[in-house]
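A look at the structure
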Amino acid sequence: MAENFFQLLNKRAAHTLLCVGLDPRAKSAESALVECKKLIDETKDYAAAYKPNAAFFELFGDKGWAVLTEVIEYIPKEIPVILDAKRGDIAATADAYATSAFEHLKAHAITASPYMGGDSLSSFLKFADRGVFILCKTSNKGSNDLQCLRVKGKYLYEEIAERAESSWNGNQNVGLVVGATDPVALARVRARAPTLWFLVPGIGAQGGSLKDALRAGLRADGSGLLINVSRSIAAASDPRAAAQKLCEDINLIRRARGPSADLASALVASHCVRLGKFTLKSGKTSPIYIDLRRLVTYPTIMRLVAREYAQILRHYSFDRLVGLPYAALPIASAISLEMNIPLIYPRRETKLYGTKAAIEGEYKKGERVVIIDDLVSTGETKVEAIEKMKAAGLEVVAIVVLVDREMGAKKFFNNMGYPFEAVVGLYQLLPLWRRSNTISEEQEKEIRGFLSQWNPSTNSKL
C-alpha cells in the first residue's frame, strides 16, 4: 500500500523541515519547465516537500497545465508535493477541484480556503491519503482585516485552528497555513492546534524571522512545521547552497529550541506561577500571577533557567549581561556563571556616597550589552534601564526575558529598534500545562480570555 502524504512528510521531516516553493517567473511554459527542473535538481537533498504555485503555471494556459503535470512527475517519489491553489468552493465545483489536484495532477496535498465553511473542505478531506492545508493566519499585510475579527471571544484564525484540530480532522489529514510574519499569532495557533502540521510562508522576502517562527510554531516533538521558502532560494546565485544553509539553520534552531516541558513544570513546582485572582500593577485583575523572585530558593530550577536563557543568548554577540533589579539579578548571576560572561547592573537609585555609581560592575564605553529581566508585559518599564545604559555609553543589542505575558512587548521594543526575545511566552506554556494536567480546561480558557484583550497585530490598547 502506498504511503499517504503525512507518512511521506514525517520521513523527510526527520532531517529537514524546508519546503521549497516552485514559483517560476519564466516568460514561457517551456522556460518554466526548465527553471523548475533545475531548482528541483539542486535542492532535492534538502527539501522536505515541494510547493508548486498553480498560478504561475495556469497563466500559460494548456501548456502551463502540461508543464505543471510534468514538474510534479519530475519530483522524486519520496518527496511529497503540496499544490498551492487555495481552492474554496462547494459541491460539484469542489469535487472537480479535488479530482484535478489529486487524481490528475497527482499532488499529495493542497492548500484550501475555509471561508465558505466546512462543506467547502469536505471534497478534499475525503481523500484520506492526501493532505489539506487550510488557510488560517496568512502572511500578507491585509490578513488582519478578516482573520483578526473577534468570534466567540477569540480571533477568527483561532476559531479556524480549533476546528481544524477537531471537527475537520476526521481523517487525520488536515494541516494549517500560518504565516511567519506574526509569531505571536503563530504561537496562538499552535496552542489551539497542538498536533497539526503547519505550512509557514513569509520567511525571506516577506521579512518573517526563521528563529521566531520555529520557536513559536514547532510542536512539542520538535516537528510539525514546514518552512516554505521560494524566491530566496530560486533567486540565489547557488540555490543548492542556499537550501543547504536554510536546512542547517532550521535544524540548529530546532535542536536548541525552547521552552522545554521541564521548564513549564518547574515554574509551577516552584510556585513561580499561581492561579486565582490577582491585581496587577496596572490595576487589572489577572487569573494568573507570575512571581519569578521565588527562583532563588530553587538552585536546580535556577540552573535550568540559566541554560534556557543561554540557548537564546548564544545567537548574539555582546560583552556583558545587564541584570535588572531585583528579580532578574539572581537570574542574571546564574546566566553569567553558566556562560562565563561578566555581569553589571543598574542601581534603582544612584549612590549618594562613595563612588556614586549609577551602574555597579566594571565596563567600558562602547561595549555591547544584553539586558536580562525576568518578566515582561508591555515593555514600557524597561525604558529607564535602556536609557541608563545609553547614558553610560553602552550599546544595548537585545532585551531577553524568561516569560513574556504577550501583551505587546515585542512590538514595543521593535518599534524602539531593539531586538526582543523571551525564553517562553504564556501561549507556549498553556498547552504544556494543559497536557500535564497542571491547569484545567476552564483555567486555560480563562487565561486565554484575559490575554485576548491585547491585539497581537496592532496592540492598540497598549
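Predicted model, so just to flag it, every value in this text is computed and none were measured.

**A word on the domain arrangement of the chain**
Splitting the chain by domain gives domain 1 (5-255) and domain 2 (261-453). A C-alpha centroid distance of 35 Å is found between domain 1 and domain 2. Each side of the interface is counted separately: domain 1 has 15 residues, and domain 2 has 16 residues. Of the roughly 1300 Å² buried at the junction of domain 1 and domain 2 (both faces included), carbon and sulfur atoms supply 47%. When the buried surface of domain 1 facing domain 2 is broken down by residue, Arg 188, Lys 211 and Arg 215 rank first, second and third, together holding 40% of it. The interface formed by domain 1 and domain 2 contains two salt bridges. If you look at where domain 1 meets domain 2, you find six residue pairs in polar contact (both at pLDDT 80 or more).

**Looking at the pairing of strand β8 (residues 174-178)**
Buried residues dominate β8, accounting for five of its five residues. A two-sided burial pattern is seen for β8, the buried positions comprising Val 174, Leu 176 and Val 178 on one face and Gly 175 and Val 177 on the other. When strand β5 (residues 131-137) meets β8, the two strands line up parallel, connected through five bridges. Bridge pairing links Lys 137 to Val 178 in β8. As paired strands, β8 and strand β9 (residues 197-200) are joined by three bridges and run parallel to one another. Opposite Val 177, over in β9, you have Leu 199 as the bridge partner. In terms of handedness, the path from β8 via helix α9 (residues 183-192) over to β9 forms a crossover that is right-handed.

**Points about the pairing of strand β10 (residues 225-229)**
Look at any regular strand and the pattern is simple: side chains alternate between the two faces of the sheet. Burial analysis of β10 places five of its five residues in the buried class, which makes it a mostly covered element. Because side chains alternate across β10, one face comprises the buried residues Leu 225, Ile 227 and Val 229, and the other comprises Leu 226 and Asn 228, equally buried. Two strands pair when backbone bridges link them, and strand β1 (residues 18-22) and β10 are joined in this way by three bridges, in the parallel orientation. Paired with Cys 19 across the strands is Asn 228, a residue of β10. For β9 and β10, the ladder comprises three bridges, and the chain directions are parallel. Counted as the bridge partner of Val 200 is Ile 227 from β10.

**Quick notes on the sheet that holds β5**
Judged by pairing direction, the sheet is parallel, and its eight strands sit side by side in the order β2-β1-β10-β9-β8-β5-β4-β3 without closing on themselves. What marks the edges here is a single partner per strand, and that holds for β2 (49-52) and β3 (82-87). Going from strand to strand, the sheet's axes swing by 30° on average, the running direction of each strand aside. Packed on one face of the sheet, helix α2 (residues 29-43) meets β1 and β2 and runs near 165° to β1.

**Brief notes about the packing of aromatic side chains**
Considering all chains together, one arrives at nine aromatic pairs under this definition. When the ring of Phe 5 is compared with that of Phe 133, the centres are 5.8 Å apart and the planes differ by 90°; the resulting orientation is edge-to-face. In this pair, Phe 5 is assigned in helix α1 (residues 5-13) and Phe 133 in strand β5, connecting sequence segments 128 residues apart. Cluster of aromatic residues (ring-pair linked, three or more members): Phe 5, Phe 6 and Phe 133. Directly above the ring of Tyr 155 sits Arg 150, whose terminal nitrogen or CZ lies 4.5 Å from the centroid. Lying over the aromatic face of Phe 198, Arg 190 brings its terminal NZ or CZ to 3.7 Å of the ring centre.

**Section: helix α19 (residues 441-451)**
Think of an α-helix as 3.6 residues a turn; residues three or four steps apart then line up on the same face. Every buried residue of α19 is listed here: Glu 444, Ile 447, Arg 448, Phe 450 and Leu 451. Along the axis of α19, the buried residues cluster in a sector spanning 160°; they form a single face. Buried residues along α19 sit against α9, β11 (273-279), β12 (285-290) and α18 (426-435).

**Some points on the sheet that holds strand β13 (residues 320-323)**
Taken together, six strands build an open sheet; the order of strands is β15-β14-β13-β16-β17-β18 and the sheet is mixed. The sheet is open, and its two edges are formed by β15 (359-360) and β18 (420-425), each paired on a single side. Looking at chain direction, strand β14 (residues 343-346) and β15 are connected through two bridges and run antiparallel. For Tyr 345, the partnering residue across the bridge sits in β15 and is Glu 360. Each of β13, β16 (368-376), β17 (395-404) and β18 touches helix α14 (residues 299-313); the most contacted strand, β17, lies at about 140° to it.

What counts as what
Residues numbered from 1 in each chain as written. Predicted model: local features only at pLDDT ≥ 70, side-chain atom pairs only at ≥ 80, totals over all residues. Heavy atoms only, no water. Domains from an automatic or database assignment. Contact = heavy atoms within 4.5 Å. Buried area = accessible area lost by both parts, 1.4 Å probe. Salt bridge = Lys/Arg side-chain N within 4 Å of Asp/Glu carboxyl O. Polar contact = N/O pair within 3.5 Å; in protein donor to acceptor, adjacent residues only side chain to side chain. Buried < 20%, exposed > 50% of the residue type's maximum accessible area, 1.4 Å probe, protein only. Helix = DSSP H or I, 4+ residues; strand = E, 2+ residues; numbered from the N terminus. Pairing = 2+ DSSP bridges. Right-handed = clockwise from strand over helix to strand, strands pointing away. Axes fitted to C-alpha atoms, helices over the stretch in contact; angles between N-to-C directions. Phe/Tyr/Trp six-rings, centres within 6.5 Å; stacked < 30°, edge-to-face > 60°. Lys NZ or Arg CZ within 6 Å of the ring centre and 35° of its normal. Arc of directions from axis to C-beta.

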